Amino acid sequence: MQQPAKKSTSLTQFKLILDLLVLALFITVNAPQLTGLAGHEWVSFVFAAPFLVHLILNWKWIVSVMSRIFKKLPGETRFNQIWDMLLFTMMTLVIFSGTIVSEKALPALNIHIEIDPFWRSIHTTFANLLLLMFGVHITMHWKWLVSNFRRYVLQTN
Amino acid sequence: MNTFKEYILPALIYILVATLIIFAVQFMDQASWAAAMRATAAATPLEIGDAPATFVEFLTSLAISTARMTFLIGIPFAITSTILKRTQRP
């Protein structure tokens, strides 16, 4: 009966490494002054894949809370449910608006889209809002991050 | 079947939901306030240029990015932590 516990441990470990990667990429994407515009756009494309994997690995939680959307939920769970939905919406809009105002990455792939300043403005505004929301999201899961970081990275009990 | 149910199906659902969100917001740029935003943004030069070329530029950019992220992530973090400490049962 040791297999299920071992599988759960490696999944938690994988989730931790993935979440740290998502965090590092997210911070890099949000430092365009450091990376330059081209770096910012290319790193953003790279960010999309681990972000999607992060969502997939948390699918069971999402299904369990969404199936109880009209039922009573603990306050923290309800908050996370609503906040994460908003976060997903914001992330989608930031990625979409960023893609359609791409000035370096898409042209390098021979994809030329006429840049609409409206979407550039939306991208900047929503990206800043996303940073604020991300701070809250990190806090809500801070204990999980810290305890598993200690367990799997620092390897203390 | 498990791989499909646990990984591929969720990915497809996320992509579908994202597509619906994108479709819904397409109409935003036709709104009356969008014209004003468009005019302002068109007149505003792009903030981001090339990557820093010198060490001094790199340090300046690093300082700006660090300050921006400390402010935009750190303040919500601090506020949320304080609220959680007060509302969570010991």
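Counting restarts for each chain, with residues numbered from 1 along the sequence as it is written. Chains carry letters from A onward and ligands carry numbers from 1 onward, assigned in written order. Local features in this predicted model are restricted to residues of pLDDT 70 or higher, and side-chain atom pairs are both shown and tallied only at a pLDDT of 80 or more, whereas totals for entire chains, interfaces and linings draw on every residue. The side-chain figures draw on all heavy atoms in the structure; neither hydrogens nor water molecules are used.

1. Digging into unusual backbone geometry
Even without being glycine, Asn110(A) reaches a positive phi, approximately 65 degrees. Secondary structure is summarised from DSSP: a helix means a run of H or I of at least four residues, a strand means a run of E of at least two, and numbering begins at the N terminus for each. Structurally, the position occupied by Asn110(A) is in the loop between helix H5 (105–108) and helix H6 (117–140).

2. Here we look at H6(A)
Expected helix span is computed as 1.5 Å times (number of residues minus one). Across its 24 residues, H6(A) extends 35 Å between first and last C-alpha, which sits within 8% of the 34 Å expected from 1.5 Å per residue. Whenever two N or O atoms come within 3.5 Å, that pair is a polar contact, provided that in protein one can donate a hydrogen and the other can accept it, and provided that, for residues adjacent in sequence, both atoms are side-chain atoms. Regarding H6(A), its N-cap is Asp116(A), as a side-chain oxygen of that residue lies 3.0 Å from the backbone nitrogen of Phe118(A) further along.

3. Quick look at the interface of chain B and chain A
At the interface, 43 residues of chain B touch 42 residues of chain A. Summing the contributions of chain B and of chain A, the shared interface buries around 4,000 Å²; its carbon and sulfur component is 74%. Salt bridges, as used here, are contacts in which a Lys or Arg side-chain nitrogen is within 4 Å of a carboxyl oxygen on Asp or Glu. Summed over the shared surface of chain B and chain A, the number is 1 salt bridge. The residue Asp116(A) makes a salt bridge to Arg38(B) at a minimum N-O spacing of 2.7 Å. If you look at where chain B meets chain A, you find 6 residue pairs in polar contact (both at pLDDT 80 or more). Within the residue set of the side of chain B that touches chain A, elements represented by two or more residues are helix H1 (2–25), helix H2 (32–43) and helix H3 (55–87) of chain B. Its residues assigned to classes, the side of chain B that touches chain A comprises 29 nonpolar, 8 polar and 6 charged. Every residue pair with non-hydrogen atoms within 4.5 Å of one another is taken to be in contact. Accessible area, probed at 1.4 Å, shrinks when two parts are joined; the buried area is that loss added up over both. Throughout, the ten residues Ala, Val, Leu, Ile, Met, Phe, Trp, Tyr, Cys and Pro are labelled nonpolar, Asp, Glu, Lys and Arg are labelled charged, and all others, Gly among them, are labelled polar.

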